[in-house]
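Listed below are the residues making up each chain.
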Amino acid sequence: PEAMMDLDAEIDNIRAGWRWAIRTEHDQVLPDLGYYARALRFYYTRRSLYHEGLEMCRLFIKRIESQQALEPSTQLTALLGQMMLWEGVFSYGLGEIRTVADRFRSSLELLAQQDQDAPYAVKDMAGAYHMSGYVELDSGNYLAAKNAFKEAQRLENSLGNVGFAAKSAAFLAVLALDLGA
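Our subject in this report is the structure included herewith. Residues take numbers from 1 onward in each chain, read along the sequence in its written order. Only residues with pLDDT of 70 or above have their local features reported here, since the model is predicted, and side-chain atom pairs are shown and tallied only from 80 upward, although totals for entire chains, interfaces and linings are computed over all residues. Only heavy atoms go into the side-chain values, all of them from the structure, while hydrogens and water stay out.

A word on the nonpolar core
Just so we agree on the cut-off: Put simply, a nonpolar core is a bunch of buried Ala, Val, Leu, Ile, Met, Phe, Trp, Tyr and Cys residues held in one set by side-chain atoms that sit within 4.5 Å of each other. Here the term buried applies to any residue with accessible area under 20% of the maximum for its type, exposed to any over 50%, and partly exposed to those in between, with areas from a 1.4 Å probe on protein chains only. For helices the rule is a DSSP run of H or I covering at least 4 residues; for strands it is a run of E covering at least 2, with both sets numbered from the N terminus onward. When checking whether two residues touch, look at their non-hydrogen atoms; a contact exists if any pair is within 4.5 Å.
In terms of nonpolar packing, the biggest core is built from 44 residues, with Trp18, Leu33, Met56, Phe60, Ile64, Met83 and Phe104 touching the most fellow members. Those elements that provide at least two residues to this core are α1 (2-23), α2 (30-46), α3 (50-70), α4 (74-93), α5 (97-112), α6 (121-138), α7 (142-159) and α8 (162-179). In terms of residue count, α4 provides more of this core than any other element does, 9 residues in total. In this structure Phe104 touches Leu85, Gly88, Val89, Ala128, Met131, Ser132 and Val135, once residues within four positions along its chain are discounted.

Structure follows, in structure tokens:
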């Protein structure tokens, strides 16, 4: 709670700094922005600032794609995969169910190309599978939802994240009840 209050007090400065960093010609700042984007994503999610979070993601995605076109790198591919995941999370929060399935698939494709020891690679893949499970469940695609939650659970277990693995297990249990299994 204290960190959130600190961010509340500085959010205007953070917004200005973020916009400057996205628009700067200093390409070496892009990897660092990935770490800052992760913190901002949590902030925007906790404060239900989905529109602002979506804007942040879209600006960053455009910036990454323009740099990736000039100078492809695996680090930028990983950042793009992360940002597509978060773009999907914010879109889902805004109720844009039809558009998010493709974002999660694209995110998974990019993240699967990464070294699985890269920071957050497996965690982000698990998140993308989990969010895909929500979308499939909301769409009535129970088998696809089950498969997505199972993969999310497997990845979270591999990381030792028992809390998130349990969350996927809970959704699997609900699906089993819904399917009469």
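Some details on α6
Keep this limit in mind: Multiply 1.5 Å by the residue count of a helix minus one, and that product is the helix's expected span.
The end-to-end C-alpha separation of α6 is 26 Å, in line with the 26 Å expected for 18 residues at 1.5 Å each. In terms of burial, α6 is largely enclosed, as 13 of its 18 residues are buried. Following α6 by one or two positions, Gly140 adopts a phi angle in the positive range, close to 85°.

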